[in-house]
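Residues per chain are reported as follows:
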Amino acid sequence: MVRRPNLPSLLLAPLAALALASCTPAAPQESPTEDPAAIFSEALAQAREGGASPAQVAALETAADAGVLPVETAREATRRTLDCFASSGIDAEYTEEKRPWGLILPGYQAATGTSESETALDACVKRESYWVSMVYQTQPSSMRLLHNYAEQQSDILRDCLKRNGYDPPADATGVELGDQASKVAYETHGRVACLAEAGITAW
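The present account deals with the structure reproduced in this document. (Residues numbered from 1 in each chain as written. Predicted model: local features only at pLDDT ≥ 70, side-chain atom pairs only at ≥ 80, totals over all residues. Heavy atoms only, no water.)

Digging into helix α1 (residues 36-50)
The terminal C-alpha atoms of α1 lie 21 Å apart, and with 15 residues this matches the ideal 21 Å at 1.5 Å per residue to within 8%. Those residues of α1 that sit buried are I39, F40, A43, L44 and A47. Each buried residue of α1 sits inside an arc of 120° when the element is viewed along its axis, so together they form one side. For α1, the exposed residues lying more than 90 degrees away from the buried face are R48 and E49. Contacts from the buried residues of α1 go to α2 (54-66), α5 (130-138) and α6 (140-152). Following α1 by one or two positions, G51 has its phi on the positive side, about 90°. (Helix = DSSP H or I, 4+ residues; strand = E, 2+ residues; numbered from the N terminus. Expected span 1.5 Å × (residues − 1). Buried < 20%, exposed > 50% of the residue type's maximum accessible area, 1.4 Å probe, protein only. Arc of directions from axis to C-beta. Contact = heavy atoms within 4.5 Å.)

Structure below.
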């Protein structure tokens, strides 16, 4: 069984010949203080070069003009992805989850069992929803939700870091603690998981 987010970040759990791909997008994070227009324009350029469907490109163009990509646009992109799955003979169903910081993540569960169906699944995601999902998660409004939650969880992050032998600055913000916790998790290969302890499943 394969648990796969909408973007290419994989958590593999073998369980029989049939694979179940589950999409709740994960993406590289951008700070809301960075130029928000760049998030939209760069994704749009990549989508045009990377084989995105006309519908996905149009959604990104609308988002770039508005400066925001609403959840309904992400939902529509995911539904188009499921239509593509169906055309490729992949059984799938629409799902949603809400992250602790309030971000709603449209997704899917899709049954796959061969390398050919895995390839078809990846192609559908890239064609219909990859860049929409990336923008939806990394746009300033989404990042503010995550960073506000990190501020709320700052005591947990700080306590976890200290308990594991790290000494964050006394005046570190929740975002700075999140950055440190992310670095520590990488350096310890996930052994010290302060973000997870604080209920933060993406950074």
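Let's talk about the pattern of salt bridges
Evaluation of the coordinates by the stated rule reveals eight salt bridges. The salt bridge partner of R48 is E61, with a shortest N-O separation of 2.7 Å. Taken together, the positions of R48 in helix α1 and E61 in helix α2 put the pair 13 residues apart, joining distant regions of the chain. Salt-bridge contacts for R80 lead to E128; the nearest nitrogen and oxygen are separated by 3.2 Å. Of this pair, R80 sits in helix α3 (residues 71-87) while E128 sits in helix α4 (residues 115-128), and the two are 48 residues apart along the sequence. Taking the relative accessible area as the measure of exposure, R80 reaches 22% and is therefore partly exposed. Here the residues in one salt-bridge network are E72, R75, R79 and E96, joined through shared partners. (Salt bridge = Lys/Arg side-chain N within 4 Å of Asp/Glu carboxyl O.)

Observations regarding the packing of aromatic side chains
Following the criterion strictly, the structure yields three aromatic pairs and no others. On the basis of an interplanar angle of 50° and a centroid distance of 6.1 Å, the ring pair of W101 and Y149 is categorised as tilted. Taken together, the residues W101 in the loop between β4 (92-98) and β5 (104-112) and Y149 in helix α6 connect sequence positions 48 residues apart. For the residue pair W101 and Y149, the accessibility class agrees, reading buried in each case. On the numbers, 5.0 Å between centres and 65° between planes, the contact of Y130 with W131 is edge-to-face. Given a relative accessible area of 23%, Y130 falls into the partly exposed group. (Phe/Tyr/Trp six-rings, centres within 6.5 Å; stacked < 30°, edge-to-face > 60°.)

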